[in-house]
Amino acid sequence: METNGTRENYEVREHDVLIIGAGGAGLRAAISAAERGFSVGIVTKSLLGKAHTVMAEGGIATALGNVDPEDGWRTHFMDTMKSGKFINNWRMAEIHAKESPDRVYELEQWGALFNRTPEGKISQRPFGGHTYRRLAHIGDRTGLEMIRTLQEKVLATDAEVFMETTVTKLLKKDGRVVGALAYTRESGKFIHFKAKAVVMATGGWGKIFKVTSNSWEGTGDGVILSYDVGAELVDMEMMQFHPTGMVWPPGVRGLLVTEGVRGEGGLLRNAEGRRYMEDYDPEKMELSTRDVVARANYTEVQAGRGSEHGGVYLDITHLGYEGIMKKLPTMYHQFKNLADIDISEEPMEVFPTVHYTMGGVKVDPETCASTVPGLFAAGEVAGGLHGANRLGGNSLSDLLVFGKRAGDGAMAYIEESTHSVDIDEADLQAELRRVLEPLEKKEEGESPYLLQQELQEVMMEHANMMRNEDSLKEGLGKVLGLKDRMEKISVPGSRLFNPGWHTAQDVRYLITISEIIVRTALERRERRGAQWRLDYDGPDEDLGKINFIVTRDAQGEVGIERREIEPMPGHLADLFEEAKV
Amino acid sequence: MSESTNGTNGTNGREDQSLAYAPVAGTEGAKRGTTKLKIFRGDAEGGEFVEYETDMIEGMVVLDAVLNIQAEQAPDLAVRWNCKAAHCGSCSAEVNGRPTLMCKQRVNEYEGEIRVQPMQAFPVIKDLVSDVSWNYEVSRSMTPFTTSQQAPFTMYEEDVERLYEPKSCIECFMCQDVCHVLRTHHKHPEFAGPRFFVRGQWLEMHPMDEANRLEYLKDGGGGIGYCNITKCCTEVCPVGIKITDNSIIPLKERVADEYYDPAKWLMRKIRGRKGSRNGSSNGG
């Protein structure tokens, strides 16, 4: 890159804590820090309140025991570990199960409203893989209630919110993360955020696939920003396919149909009218875990027993119009508006859709600290809690429990350290020039939109629900080909709200993540949860004791390490022993 | 330990070994010729409508068409969107002059011209994106939920069910866009707008909330008196909140009771005002 000495201007903002991402985890972390009087900056790629949390429908999993008094943290913990096929971080699962009730009551304290039991308590609905009725909910828009509550709480603090702002790089000095470089999408103006600690809360990366329930934002910025500064990642091969996404019309393909439909008694049938879940999990049927139901739906369609548009049927007509409007109003309107289907009269057509990323930045369960000092991570961008398969409802509770812990962890870190947050001007200028490069190329290059579409096709074909070595290797070759072409991206127009330029930043994250996923999927030679290798028969006992840890190696390439999982301590292991009796 | 739980996973007796991801039929959707859209291209300085033509796909919504045009013909076309499912309220714009969530509006429901422009009650940033940040300042200025009670609360379904409607607001700000107090009369500093009366409604009706926002609603930036209940906001609400009937009118009644009831007016003269901010008293 040529440096002709012109210096790019940027604004400087200084905060104690910089929070990247304004979904549930980021906002919860911000509240912790702001209420304690720390100076907090929150950066979000969208407007406040539009983060992916708003899309969550079914509810927050938490063992309140309001409906089933037998429930408690132990059962919730065991359900989470079983669903994650025991490669979860058991300490995170323990903390999550123990602390989620307090975090939910705290939301209620802040004005969140949940459906009630006849006794006037928070009601709880059943969900796949949960032993008891456990999900606190408000109809099928629980995520909206949660994010609005957190948003209004944040707006009542002194935290500063930088909306529609994209972070391009974490800044490091003397081995610590001390801020980030970002630009405002509206104007293209750059901001150097100086911060004593950074909390990464950017969510997942479903956008590497074509058919996904994720919005445009799910491009995994945070996981690659963290990887770039040396943070360890864990379980990156584990992508969750939600069993029920819409299939028709084409424009909404992949859009989520909440698990709440099955929670409220929705039945899955194939074109022959048969409740095929009998063949896959006769005990739990429609309320089996997502990995199992997704594979069942997929297999039925592959076997030629699919619906008109290539899905399976999900039937909730037994609730009737009144019941649906009370329990699942969003679903009613979604199908009515977008597909001309009245779900109180006829079944929905559904097919698996990419939904969630179990893997992510490896964190310390107590503080959410990553392996790089000054960098914390919480929510979907962090890995460990969910292992090989996440239970429905566990993500919203994850955001609250670990969002708070990340905020607390960052404050404790700041209180103990007195490090400088200054960065060399030359480093900043080099990053500014890198970010501007796609806009400044004179010759016509690759379109970021088409590159992203190609990548999505590659991942659909080679790293989908069913994987094998030959196909993954072929996919890796294609991803690496796209990586080379990424250097040639050019976009027309100015810096003023230019989505082409924004997409050029996203593509870099998407391609790097895809490479990591394909490489780790090649390493895990077994069938476990979401990782389903057709060239292996079942789970592998040895791999059940391993997490794959990814770091950027000295050459800048993807380094993969097999790391033994620490054995569960007695008080947790005993729970499973007792349950066997 | 892991073996016992992995067992349930392996029962895919009918599993097919194929890797092909595409469902059997109809994934791409039938093309139905092409469609034309006139899209505003410009910024705060001004601009013009530019006509684009793109493939018409069965079931396509306006946002699909705009995003196709962006990917294929106009990479720098600015448009704001997120969920594409009418849950997040990001993709508000005006189609043929009417505030519309682009992700919810089918292209084939229009006969003739389709003109897409940004919301007009706010400053235009670029193309279809307007600056809605003022709304967040209003939000910040309202007293949030305030209670001295300790959760878990005991609240019954019948106590809270009327809160479900205002709580379902997705903050698309189309009610703000269509409201003539803002759109035509630009009363932005003195008038909070329908969105925030909706918020005021649930706060005031929440059984545990103890703050008093009536002074705010009347004079302190709420300016609810400016609303002359034309119901434009209710007509455009994408989630069907009856903003005028269920939020604005009840709040107006509360303000009227508080400030224009002669008995209360007399009490205030005698006893003086109480609890101007977050006050525990509401005058009676």
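This structure is a prediction, so every number in the text was calculated from the model and none was measured.

Enquirer: Account for the overall build of chain B, naming residues and giving values.
Expert: Scanning chain B from N- to C-terminus turns up 12 helices and 7 strands. Per-residue burial for chain B yields a buried fraction of 55% across its 284 residues. Surface exposure of chain B reaches about 12400 Å², of which carbon and sulfur atoms provide 48%.

Enquirer: Help me get a handle on the packing of helix α13 (residues 469-486) of chain A against helix α14 (residues 499-523) of chain A, residues and values and all.
Expert: All names here are of chain A. As a packed pair, α13 and α14 sit with axes 9 Å apart at the nearest point and diverge in direction by 155 degrees. Comparing their axes, α14 and α13 come out roughly antiparallel. Two packed elements cross with a definite hand, and for α13 against α14 that hand is left-handed. Together, Glu-469, Leu-472, Lys-473, Leu-476, Val-479, Leu-480, Leu-482, Lys-483 and Met-486 of α13 and Val-507, Arg-508, Ile-511, Ser-514, Glu-515, Val-518, Arg-519, Ala-521 and Leu-522 of α14 make up the contact between the two elements. Looking at the contact of α13 with α14 residue by residue, the classes come out as 11 nonpolar, 1 polar and 6 charged.

Enquirer: Can you break down the environment of Cys-172 of chain B residue by residue, with the values?
Expert: Within the element layout of this structure, Cys-172 of chain B appears in the loop between α5 (164-167) and α6 (174-178). For Cys-172 of chain B, a relative accessible area of 6% corresponds to the buried category. Sequence separation between Cys-172 of chain B and Pro-99 of chain B is 73 residues; the distance between their C-alpha atoms is 9.7 Å. With sequence-adjacent residues up to four places away left out, Cys-172 of chain B is seen in contact with Lys-50 of chain A together with Gly-89, Ser-92, Leu-101, Met-119 and Pro-238 of chain B.

Enquirer: So what about the nonpolar core? Which residues, and what values?
Expert: In summary, soluble globular proteins display a tendency toward joint burial of nonpolar side chains. With 250 residues, the main nonpolar core has Phe-77 and Leu-170 of chain A together with Met-102 and Val-116 of chain B as its most contacted residues. Listed in part, the 15 residues of the second largest apolar core include Tyr-10, Leu-171, Leu-181 and Leu-432 of chain A.

Enquirer: So, the packing of helix α5 (residues 221-228) of chain A against α14 of chain A: which residues are in play, and what are the values?
Expert: Working note: a packed helix pair is described by the angle between its axes plus the distance between those axes. Residues and elements named next belong to chain A. Packing of α5 against α14 leaves a shortest axis separation of 9 Å and a crossing angle of 75 degrees. Looking at the two axes, α5 sits roughly perpendicular to α14. Listed contacts from α14 to Asp-221, Val-223, Ile-224, Leu-225, Tyr-227 and Asp-228 of α5 are Asp-506, Arg-508, Tyr-509, Thr-512, Ile-513 and Ile-516. When grouped by side-chain class, the residues that make up the contact of α5 with α14 number 7 nonpolar, 1 polar and 4 charged.

Reading guide: rules and limits
- The written sequence of each chain sets the order in which its residues are numbered from 1.
- Here chains are named by letter from A upward and ligands by number from 1 upward, in the order in which they appear as written.
- Local features in this predicted model are restricted to residues of pLDDT 70 or higher, and side-chain atom pairs are both shown and tallied only at a pLDDT of 80 or more, whereas totals for entire chains, interfaces and linings draw on every residue.
- The side-chain values count all of the structure's non-hydrogen atoms but skip hydrogen atoms and water molecules.
- Helix numbers and strand numbers start at the N terminus; a helix is a DSSP run of H or I with at least 4 residues, a strand a run of E with at least 2.
- The classification of residues rests on relative accessible area computed with a 1.4 Å probe and restricted to protein chains. Under 20% of the type maximum is buried, over 50% is exposed, and intermediate values are partly exposed.
- Here the accessible surface of atoms and residues is derived via Shrake-Rupley with a 1.4 Å probe, and residues count as covered only by protein chains that are part of the display.
- Fitted lines through C-alpha atoms give the axes, limited to the stretch in contact for helices. The angle between two N-to-C directions lies from 0 to 180 degrees.
- Orientation is classified from the angle alone, with under 35 degrees giving roughly parallel, over 145 giving roughly antiparallel, 65 to 115 giving roughly perpendicular, and any other angle giving oblique.
- Two helices crossing with the near one rotated counterclockwise from the far one by less than a right angle form a left-handed crossing, whereas a clockwise rotation gives a right-handed crossing.
- Any two residues whose heavy atoms approach within 4.5 Å at even a single point are treated as in contact.
- Residue polarity is assigned by list, with Asp, Glu, Lys and Arg as charged and Ala, Val, Leu, Ile, Met, Phe, Trp, Tyr, Cys and Pro as nonpolar; anything else, Gly included, falls into the polar class.
- For our purposes a nonpolar core is just a set of buried Ala, Val, Leu, Ile, Met, Phe, Trp, Tyr and Cys residues, chained together by side-chain atoms within 4.5 Å.

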